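Examining the three-dimensional arrangement
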Amino acid sequence: MTDQSRENSTTKAKDKARGNPEKPPYWYEIIVSDPQKRTGDPGSSSGYVSYQISTKTNNTSFYDNRGNSEYIIVVHRRYSDLLLLHDILLNDFPTCIIPPLPDKKVFQYIAGDRFSQRFTQKRCHSLQNFLRRVSLHPDLSQSMAFKTFLVSKDWESHRKVLQDSLQINKDEVTDAFMNAFKTVNKQNEEFTEIREKSDKLDRTVTKIDKLFHKVVKKNDSMSEDYTKLGTNLQELQELVTGENEELAEKLKIFNEGVTQLSYGLQDLTKYLDYEYIVDLKDLEHYIDSMRQLIKLKDQKQIDYEELSDYLTRSIKEKNNLISGYGGSNFFANKLEELAGINQEASRREKINKLESKITSLTGELENAKKVADGFEQECLKEIYHFENMKTKEIKQSLGSLADHHIEFYERILEAWEKVDDSL
Amino acid sequence: MDHNIFDGLLEQHSSASEMDLSEEDNNPFVGTHHLYASGIGTGIGGALPTNTSTNSPPSSSSFPSTPVHSSSAGSSRASPTSSTSSHAVVEADAETEPFVSLSMSTTATTPKNTPHNVNGPELIQIIDAGDFKDPWGKHAIGYVILYESNKIIRRYSEFHSLRQSLARLLPTIIIPPIPSKHSLLKYIWNPINATNDSKIISTRKKMLNSFLCNCLNIEEINDDIVFQKFLNPEFNWKDVLSSSPIIILPLNNLLAPPLNPTKPSPLHSILPIPSNSSLKNYNLIWQQHITMKSHSEVSNLPIEIIQNEPQFTHIENLFQNYKRIITHLLKNIRTNKSHFHSLSTYFAELGAYYNAFSLENDTAMPNGDSERKRNFNNPMLEIIGHIEKIGHSFDIIYISSEILIEKYNSILEDPLNELSQFLNEAFRVLNFKKLKFLQYKILEKLIIEKETKLTNLTEIENQLQKINDSLVNSTILADDNNMTDARGVEPNVVKKDTRSLSKSSTNSSSSGHQNEIRIGTSKLNYKTSTPTMNLNKLEIKQLTEQERSKQIKQLKQDLTKLKDCLSICVSDMLEISASSYKSLMYAYNHIHLTIAKILKLFTTNFKAWIRECLENWKLAKSRIDQSL
């Protein structure tokens, strides 16, 4: 009975979720840019990096009715502020896949190059990915914290309040991960598939990510090669000047082509390193977040399953008591008999106890079931949202990958056309 | 008894020639460059024989290995009609004569084919390369040359020996390079594949082709008999190598006229050979020569040689810089190639992963019914095509990159290597010119020494004459009284002379020997040679009158010969200067042309690669945009 009803309810929920996928009511254009090193408070030794966050939206509440969507809201935030926002969202929306933030990169802190352009640029892009994902989420984008984060000119005071509220709830969140090693007995087929799929995707993306890392490294050495080649050619050109002006001119033109090649390759590499690889990394993290959510959902289901187990056992015990001496309780009964306890009275008392327990358990079970089912529904909705987002992101990043390659090849083609014409 | 004209010089030279003899004992023509004895005897102006069969080594005692031949050759020279009696001469004639006539006929036929020449580069072509059986039944890789509608099969080793022969025949000409031999290391790494590797063969084929084309462009090579024979299928290359003019080449080109090494004058063979190690002092010696104008009589080099020198220095410096840059470039290109290669491997992997990515999503839900599948996979299904397209892009870029990298060999590395070899050849020619100058300096030094000696001797002679004259006068005037005094002087002189006679003769020869070596080696020894000359002065005084006059006579004789040698050397220098300058200028232009060609070729290929990549990405992008 329970299975069937659950199946029905979930499919209903699914249909509802897929039938009209919820879209955030407003659009947001958020750009994270201009990472700048700031010296910290007089007390703290090291500085921090502040990022400029510019927002454009059609959500008028963002402007306090003081402007329109042409107006750009600019605030400055640091990484820890974004981390706070992330934690708040995680706390407030336990059933949502919270987009991940880039790693804290402790190593970079130790190595001391967390102010390097490469590091901050990459982080910039990753932070932008995070904010974009939040802004595209139907629920997350409407949270107060999100709005405050993007708009508030008085972030410092808000931060204090938000931090405190988070402190109180922190314990509850961690509780969910207590029995992470328990597995769900009856896993929904759909989730198994989702899990398998996400594992596969994760593996592929990781592999591609690694390969692009290698490509970036190779591109760097290639560009270095071309720079060296340029130096050699320059030297040759200087030698030839005075001997054969025509050839010197040709060498000069050729060298320009090589220089363009070197620069173009550098730019392409920068894009790959600062953006494409970051996108891939963020996708990996996003998949991780989704897995976290599934784990949480499993947790709820485990709760329900355990309750239901307990209930079945209680009912069984009660039935045993009613039907007389259960084989298993024989010795216990004998013992009680010897102790001179009124068996009949104690049995009745026990049955009563069990009955009340069963009633409360049934109530709880229904509750847990509601929670689990609700969670599952939310989860599916989230996963559906995630799938959409992921697809969009992959598409977008592939498009931009192609764009940047086209740009690179067009640029060097133009340069080399010139070279070819002049030779 | 042979007179010892050059003191130590001759001794040194003959010892060197003995070494030569021991090396090539069995070669009857090895005596070619030992003509000095007879040659000097007959004088320099004598008409030179056309080939060596007529050059008879003079003193059979000094050449133990060739007595039979020299005597028979001598007789044949004396009476040509009776030459049939001499076996050796018949052989020599049989070897040399037919080739002369044949080569004449081949050169005569070339003008008929001039219409072909219009095509320029297609005049000669290697049309095929592959396994063939040589006349001795050995398997080898042969290269089929198509030249004037003849097909000639030559092996790599034959090209190699052709090049070496040409370098010896034409010391002032830059001989186009051929690909270098397999390194031994490569052979050890890959013993089976090393020679049969089709890659090497095709590279060699191309490079040998360019070698032949380059040769045809250089008229000195094109006109050479040996080169003509190489391109004539009627000639077996082994036979060409073991016949004149190759076997009659002098062992050292410094001992022959630079433009005609097979026809050395007798004087050529007695020229001193400067050591290769003395080359590094060339600039210093040259500078000294230019600044020191003291010995005006001897050291008057023709003005054009002195005027041309800056041009040679300039070219040498320029070429050395070219060489350095080319070496850098080659190194750079090699690293770039390996980087490019690993990059393209990553592209291949990326292509594979993207393709797997797209397939994965396609078959992600094997169990679900189709409607459900479409529902659930809907967003992903949409981009499967994109992912696949990107994967495809990477695949294509991988392939076209590999093709481009393959081409790096033929469009960059091979031509640059060829250029580098060309430059090495230019240095060989330049060194030859330098060595000739050093040779000249040795002669000049010897002449100066001899002249000093001669002046000393004549001075003493004059002094003694004066003493004698005064003695005679005094005897006439002062009768017997003074006679005793005079006698007291004379025996003293004689006594001294006898004491040091043996010593001085050995000393003078050995010191001359030493001087000759020192000249070549360093500036320091130039100075040290002066004290020995002073010593000679002393020794000279101790000689007897007869010995003195004999020495004076011999010195005068030597000096004339040395001066003849010097003038030959100078005329050689003029020839070398003109001919090698021409060749160097050819190389100069060739190098510039080749660089321009390389640039153009690379640009064309590189552009094609860019275009292919670009089109490919554009296609992928348009596919992505379509489904938006």
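From a predicted model like this one, the values you see are computed outputs, not experimental measurements.

Turning to the overall build of chain B, a few remarks are in order. Helix and strand counts for chain B come out as 17 helices and three strands. A total of 628 residues make up chain B; the buried ones form 47% of that total. When contacts within chain B are restricted to residue pairs at least 6 apart in sequence, those whose partners lie at least 24 apart make up 75%.

Looking along a regular strand, one sees side chains alternate from face to face of the sheet. Residue and element names in this part refer to chain A. Taking every second residue as pointing to the same face, the buried face of strand E3 (residues 73–78) carries Ile73, Val75 and Arg77, while none of Val74, His76 and Arg78 on the other face is buried. Sheet topology places strand E2 (residues 48–57) next to E3; six bridges connect them, and they run antiparallel. Among the inter-strand pairings, isoleucine 53 is bridged to a residue of E3, identified as valine 75.

All names here are of chain A. Here the UniProt feature "coiled-coil region" (unreviewed entry) sits at residues 219–253 and 351–378. A distance of 23 Å separates the end C-alpha atoms of residues 219–253, which is 89% helix and 0% strand. Segment residues 351–378 splits into 100% helix and 0% strand. End C-alpha atoms: 39 Å apart.

All right, on to the sheet that holds E2 of chain A then. Residue and element names in this part refer to chain A. As summarised here, the arrangement of the three strands in space is E1-E2-E3, forming an open sheet in which the pairing is antiparallel. Looking at which strands have only one partner, the edges of the open sheet turn out to be strand E1 (28–38) and E3. Geometrically, the sheet is characterised by an average inter-axis angle of 25 degrees between neighbouring strands, direction not taken into account. Where E1 meets E2, nine bridges bridge the pair, whose relative direction is antiparallel. If you follow isoleucine 30 over to E2, its bridge partner there is threonine 55. Packed onto the sheet, helix H2 (residues 79–92) meets E2 and E3 and runs at close to 95 degrees relative to E3. The sheet contacts of helix H4 (residues 117–136) involve E1 and E2, and relative to E1 the element is tilted by about 150 degrees.

What follows is about the side chain of serine 126 of chain A. Its place among the elements puts serine 126 of chain A in helix H4. If near-sequence neighbours (up to four positions away) are discounted, serine 126 of chain A is found in contact with Pro102, Val278 and Asp282 of chain A.

Each side of the interface is counted separately: chain A has 58 residues, and chain B has 63 residues. Taken together, the two surfaces of chain A and chain B that pack against each other cover about 6000 Å², and 71% of this comes from carbon and sulfur. Per-residue buried area on chain A facing chain B is highest for Glu243, Lys395 and Tyr409 of chain A; these three make up 12% of the total on that side. One can count seven salt bridges joining chain A with chain B.

Positive phi, close to 50 degrees, is recorded for aspartate 34 of chain A, a residue that is not glycine. Examined against the element boundaries, aspartate 34 of chain A turns out to sit in strand E1. Backbone geometry at glutamate 148 of chain B places phi at a positive 50 degrees, although glycine is not the residue there. Assignment of secondary structure puts glutamate 148 of chain B in the loop between strand E2 (139–147) and strand E3 (150–155).

With that settled, consider the packing of aromatic side chains. Applying the stated criterion across every chain yields a total of 29 aromatic pairs over all chains. Positioned above the aromatic ring of phenylalanine 191 of chain A, the side-chain terminus of lysine 297 of chain A is 3.6 Å from the ring centre. Geometry around tyrosine 156 of chain B places arginine 204 of chain B over its ring, the cationic atom sitting 3.6 Å from the centre.

About the thresholds
- Residues numbered from 1 in each chain as written.
- Chains lettered and ligands numbered in written order.
- Predicted model: local features only at pLDDT ≥ 70, side-chain atom pairs only at ≥ 80, totals over all residues.
- Heavy atoms only, no water.
- Helix = DSSP H or I, 4+ residues; strand = E, 2+ residues; numbered from the N terminus.
- Buried < 20%, exposed > 50% of the residue type's maximum accessible area, 1.4 Å probe, protein only.
- Contact = heavy atoms within 4.5 Å.
- Pairing = 2+ DSSP bridges.
- UniProt positions renumbered as here; feature names shortened; annotations may be inferred.
- Axes fitted to C-alpha atoms, helices over the stretch in contact; angles between N-to-C directions.
- Buried area = accessible area lost by both parts, 1.4 Å probe.
- Salt bridge = Lys/Arg side-chain N within 4 Å of Asp/Glu carboxyl O.
- Phe/Tyr/Trp six-rings, centres within 6.5 Å; stacked < 30°, edge-to-face > 60°.
- Lys NZ or Arg CZ within 6 Å of the ring centre and 35° of its normal.

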